[in-house]
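# Results of the structural survey
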Amino acid sequence: MKDSTPQTIFLSDYTPFGWLIDSVHLTFDLAAHATRVISRIAFRPNPDAPAQQFFLHGKDLTLINARIDGQDIQPDISDEGLSCPVPEGSFIWEAEVEIDPTNNTALEGLYVSNGMYCTQCEAEGFRKITYYPDRPDVMAVFTVEIKGPHPVLLSNGNPQTVGTGHAIWHDPWPKPSYLFALVAGDLVAHSDWFMTASGNKVDLNLWVRPGDEGKCAFGMSALKRAMQWDEQVYGREYDLDVFNIVAVDDFNMGAMENKGLNIFNSSAVLASPETSTDANFERIESIIAHEYFHNWTGNRITCRDWFQLCLKEGLTVFRDAQFTADIRSAPVKRISDVIDLRTRQFPEDDGPLSHPVRPESFQEINNFYTATVYEKGAEVIGMLKRLVGDSAYAEALELYFARYDGQAITIEDWLAVFEDITERDLTQFKRWYSQAGTPRLSVKETYGSGSYTLTFTQHTPPGSYSPDPQPQVIPIDVGLLNANGDEVLETQTLEMTEATQSFTFEGLASRPIPSILRDFSAPVILERDSNNDERAFLLAHDTDPFNRWEAGRALARETLCAMATKGSAPDTRYLDGIRSVLRDKALDPAYRALMLELPTQSELALFMSDRGLTPDPAAIYDAVQSLKQAMAEQLRENLPTILDANIVRQEYKPDAVQSGKRALYGAALALMSRLDDGSLAAMQYAQADNMTLQLGALSCLLEVDKGALELGAFYDQWQDDRLVIDKWFALQITRATPDRAVAVTRALTKHPDFNWKNPNRFRATLGALTGNHAGFHAADGSGYELLADWLIRLDPVNPQTTARMCTAFQTWRRYDASRQALIGAQLDRIAATPDLSGDVTEMITRIKA
Ligand code: PHE
Ligand code: ZN
């Protein structure tokens, strides 16, 4: 079952497959350890492909027999697949293989989760099911027959025959094998329906294990909202008679967009007010939308090869963000996305794992489902839309769907529709897809006789992927304010294309205060020699909600950096500014809650290393603690009013209005707990009738070193709910003080409920440790060692999840020599593990480089 030596694959080596497929017929005879898969595939020569040997991918398969046009054959079999001579024209391939889904712990291919059969084929899992050209540019129409003693048997497309023990599904839309799916088990459906704009009635089912029926309503309503939105905004209708979603407990990622049969990590779909937080509800809504939107951006139009992954992921993330912004609050969504970008994508792009949005080589494609491909990929589309304007964007997308439906295409094809609609030359813009690294944008200003000039300079730090980065096209949204805070220039998009470029504004009565990079118009790091007076001014007056928040965030970063490195006192301009914002009832509570949130400790670490400082995790932690204390003191008089005004007394709804109030209430409660030793939080915990408040109150208690009793009671109350117990594991680690985080994590790995083969539980535990910045970076290296122990243990079981968690080490070069040595030793220890998977080998090699 071991991977062979990793091989590097290059974009430039792309060659089409030598055959086209007219039809695929699969028969599954399900059995726990010996499932039989019979395939019947009609091949025909591909006129556009060079001559080549016939090769089908296949991994961990036992070939029982194979035939070409009815004649038995003996193919050449290797670890990666098989080859054999084939007739010159069309032919029928038939094979029977045996697989063992029960021992498939990697959760790729066909596997069993809690007695339920399910599949995960993206990116290259189909080759663990049968021999096939397992590449996205081979699209085919599938018919799937399933035999097994299960009440529910599902596959892609529309059902033809369905009953216990036997089902036939037919998917009329040609698709690549990575979108294949099969589910079998004892499942129950939460059902509903949707009428498309053209009047087709679609049956909707959310399939769950018996007992989870009560957690389906929200996911179903989110699906219907997403279907309607895609019709209204993108003119995209659903194209089958049924749409099925299945929840599974063991899943490496969030969810998967298989045609007509989306498979979800149960954490990304199951929700109820008692067991899920507002944040869970919002995440579920966006993931359901994301997977649904893939039906057009990903499935109907797919990727030619895996280098083009951002073609479907960047666009689909962009679409799901538009959806959330539309149905909730646009500024709150934008701010949350930028926080996420800075926490996950900036560190990736700033270290050894940095790669372009469209990489040009890889060893293991599973390692490229990254924040850069997804989130920076979405930012690039946002920039394109900003540059061409909303109506050209809409026209380009219309053309995109019309021109490429049913095809497997590239980023060049995507950009071509924008070039055709706008007659712009996008050659330089394309660097966003080919260059790695986060551009730094610095700005200087001059003012004289009514004329104001902003001069920008862009610089991208060179990295291994892009040793000599060239200037990129950067849309910079700018507005100008006068000293009273009135806008003297409304937001304009400046289009920067040079390394250094000036923009002049005439006719100004006085020197303006600039508001730069409004709405975070480009994924860059703005380096501005501004001062805290100007930041405080913008925090009070900026008319752009993003930049107003950003001014507060920048003030917080500055003061925390000074506190951590120079022992300074908290900046009163920050404390005063935050108080004014907090008291401003005209501002959305969700927005005010975001204002109260401090920069993450890893964000501060990146900020410091960007300034040539070596971040000290313990000092950063202490600075954050004392700033929180100072905020609590500062707001002592205001907190009771805010708490009172934002308590939700109506019946729980996970909508934007209520969840905004609960977010502000929770943020105020955390500060209050520092003043009253957690007594209000304890009261709220005892009364809580929803998970947002229950978990929020518990978090406040743990943060002030209280809550031991509540923690025990929480476990007793929820021990039978897997998703809630994941929260119980994670919260204790997240809230542990740096000196205790490793011990708490270690103790939890010995808990009887630490089912480490379940990716959610593993992430709730070891993932939570890596999120506790100062705890993970404990000076004695115990955090590194504990993580490495578990990565080594998980690798043979589930290389994909192991490889993803190696990213915790990607920032190692920014820390002091002692920590670098400690991390380096753990990286070496992992690398030296016998039979290490190809996935982890690639990650460790890149991190060490
Ligand atoms: N394609 C999935 C998504 O973005 C993510 C995924 C990738 C899931 C690989 C499983 C495996 O929605
Ligand atoms: Zn996706």
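Summarised in this report is the structure supplied together with it. (Residues numbered from 1 in each chain as written. Chains lettered and ligands numbered in written order. Predicted model: local features only at pLDDT ≥ 70, side-chain atom pairs only at ≥ 80, totals over all residues.)

## What to know about the overall build of the protein
Along the protein, the regular secondary structure elements total 27 helices and 31 strands. Its C-alpha atoms give the protein a radius of gyration of 27 Å, within 12% of the compact-globule value 29 Å for 849 residues. On the principal axes, the C-alpha backbone points of the protein span a range of 85 × 65 × 60 Å. Residues counted as buried form 50% of the 849 residues belonging to the protein. Sequence separation of at least 24 residues holds for 69% of the intrachain contacts in the protein that already meet a minimum separation of 6. (Helix = DSSP H or I, 4+ residues; strand = E, 2+ residues; numbered from the N terminus. Rg over C-alpha atoms; globule rule 2.2 N^0.38 Å. Buried ≥ 20, exposed ≤ 12 C-beta atoms within 10 Å, placed from the backbone. Contact = placed C-beta atoms within 7 Å.)

## A few points about the pairing of strand β19 (residues 242-248)
Where a strand is regular, its side chains alternate between the two sheet faces. For β19, the tally of buried residues reaches 6 of 7 residues, placing the bulk of the element in the interior. Note: strand β18 (residues 201-208) against β19, 5 bridges, orientation parallel. Of the residues in β19, the one forming a bridge with L206 is I245. Each parallel crossover has a hand, and the one from β18 via helix α1 (residues 217-234) to β19 is left-handed. In this sheet, strand β21 (residues 261-265) lies alongside β19 in parallel orientation, the contact comprising 5 bridges. Following the sheet pairing, N244 is matched in β21 by L261. (Pairing = 2+ DSSP bridges. Right-handed = clockwise from strand over helix to strand, strands pointing away.)

## Observations regarding the site of ligand 1
Taken together, Q120, E122, M253, A255, M256, E257, H290, E291, E313 and Y369 make up the full set of residues near ligand 1. Of all the elements in the fold, those that place two or more residues in the shell around ligand 1 are β20 (255-256) and α2 (278-293). Taken together, the residues of the shell around ligand 1 sort by class into 4 nonpolar, 2 polar and 4 charged. (Near = placed C-beta within 6 Å. Nonpolar A, V, L, I, M, F, W, Y, C, P; charged D, E, K, R; others polar.)

## Quick word on the sheet that holds strand β10 (residues 109-113)
If you trace the 4 strands from one edge of the open sheet to the other, you get β10-β11-β16-β13, paired in antiparallel fashion. Each edge of the open sheet carries a strand with a single partner, namely β10 and β13 (152-155). Across the sheet, the mean angle from the axis of one strand to that of its neighbour is 15°, orientation sign disregarded. (Axes fitted to C-alpha atoms, helices over the stretch in contact; angles between N-to-C directions.)

## What about the sheet that holds β19?
Either a parallel or an antiparallel arrangement is found when strands of a sheet pair, and the pairing is made through backbone hydrogen bonds. Here 5 strands make up an open sheet; going across it, the order is β17-β18-β19-β21-β20 and the pairing mixed. If you trace the sheet from one side to the other, it starts and ends with β17 (188-195) and β20, each paired once.

## Section: the packing of helix α15 (residues 639-646) against helix α16 (residues 656-676)
Look at α15 against α16: their axes get within 9 Å of each other, and the N-to-C directions meet at 150°. If you check the angle between α15 and α16, you find them roughly antiparallel. Where α15 crosses over α16, the handedness of that crossing is left-handed. Touching L639, I642, L643 and N646 of α15 are K661, L664, Y665, A668, L669, L671 and M672, all from α16. (Parallel < 35°, antiparallel > 145°, perpendicular 65-115°, else oblique. Left-handed = near helix turned anticlockwise from the far one by under 90°.)

## Some points on the packing of helix α9 (residues 532-541) against helix α11 (residues 572-583)
Where α9 contacts α11, the two axes come as close as 10 Å, and the packing angle between them is 5°. Between α9 and α11, the angle falls in the class roughly parallel. Facing N532, D533, A536, L539 and A540 of α9, the residues of α11 in contact are R573, G577, S580 and V581. A class-by-class count of the residues in the contact of α9 with α11 yields 4 nonpolar, 3 polar and 2 charged.

## Observations regarding the nonpolar core
Core analysis: the largest hydrophobic core is formed by 146 residues, its most contacted members being L560, A668, I733 and C806. For this core, the leading source of residues is helix α10 (residues 545-566), giving 10 residues. Excluding anything up to four places from it in sequence, I733 contacts A741, V744, T745, L748, T765, A768, L769 and N772. One finds I41, M116, L179 and F251 within the second-largest nonpolar core, a separate group that totals 86 residues. (Core = buried A, V, L, I, M, F, W, Y, C linked by C-beta atoms within 7 Å.)

## As for unusual backbone geometry
Residue A123 follows E122 across a cis peptide bond; omega there is -5°. Mapped onto the elements of the fold, A123 is located in the loop between β11 (116-120) and β12 (140-147). Even without glycine at this site, S449 takes up a positive phi of about 35°. In this fold, S449 is placed in the loop between β25 (440-448) and β26 (451-459). Judged by C-beta crowding, with 6 C-beta atoms within 10 Å, S449 ranks as exposed. Even without a glycine there, the phi angle at D519 is positive, about 55°.

## A short note on α9
Every buried residue of α9 is listed here: R535, A536, L538 and L539. Along α9, the residues classed as buried sweep out an arc of 165° about the axis, all on the same side. Looking at the buried positions of α9, the neighbouring elements they touch are β30 (513-516), α10 and α11. (Arc of directions from axis to C-beta.)

## Some thoughts on the pairing of strand β15 (residues 166-175)
Relative to β15, β12 runs antiparallel, the two sharing 7 bridges. Across the sheet, the residue bridging to F142 is D171, located in β15. Across 5 bridges, strand β14 (residues 158-163) lies against β15 in antiparallel orientation. The partner of T161 across the bridge, within β15, is I168. Between β14 and β15, which pair antiparallel and follow one another directly, the connecting turn spans 2 residues, one of which, G165, has a positive phi of 90°.

## Examining the environment of T833
Tracing the chain through its elements places T833 in the loop between α26 (817-831) and α27 (838-848). Residue T833 is classed as partly exposed on the basis of its 17 C-beta neighbours within 10 Å. Residues T833 and I792, spaced 41 residues apart in sequence, show a C-alpha to C-alpha distance of 7.3 Å.

So, to be careful, I would describe these as geometric facts and stop short of saying anything about function.
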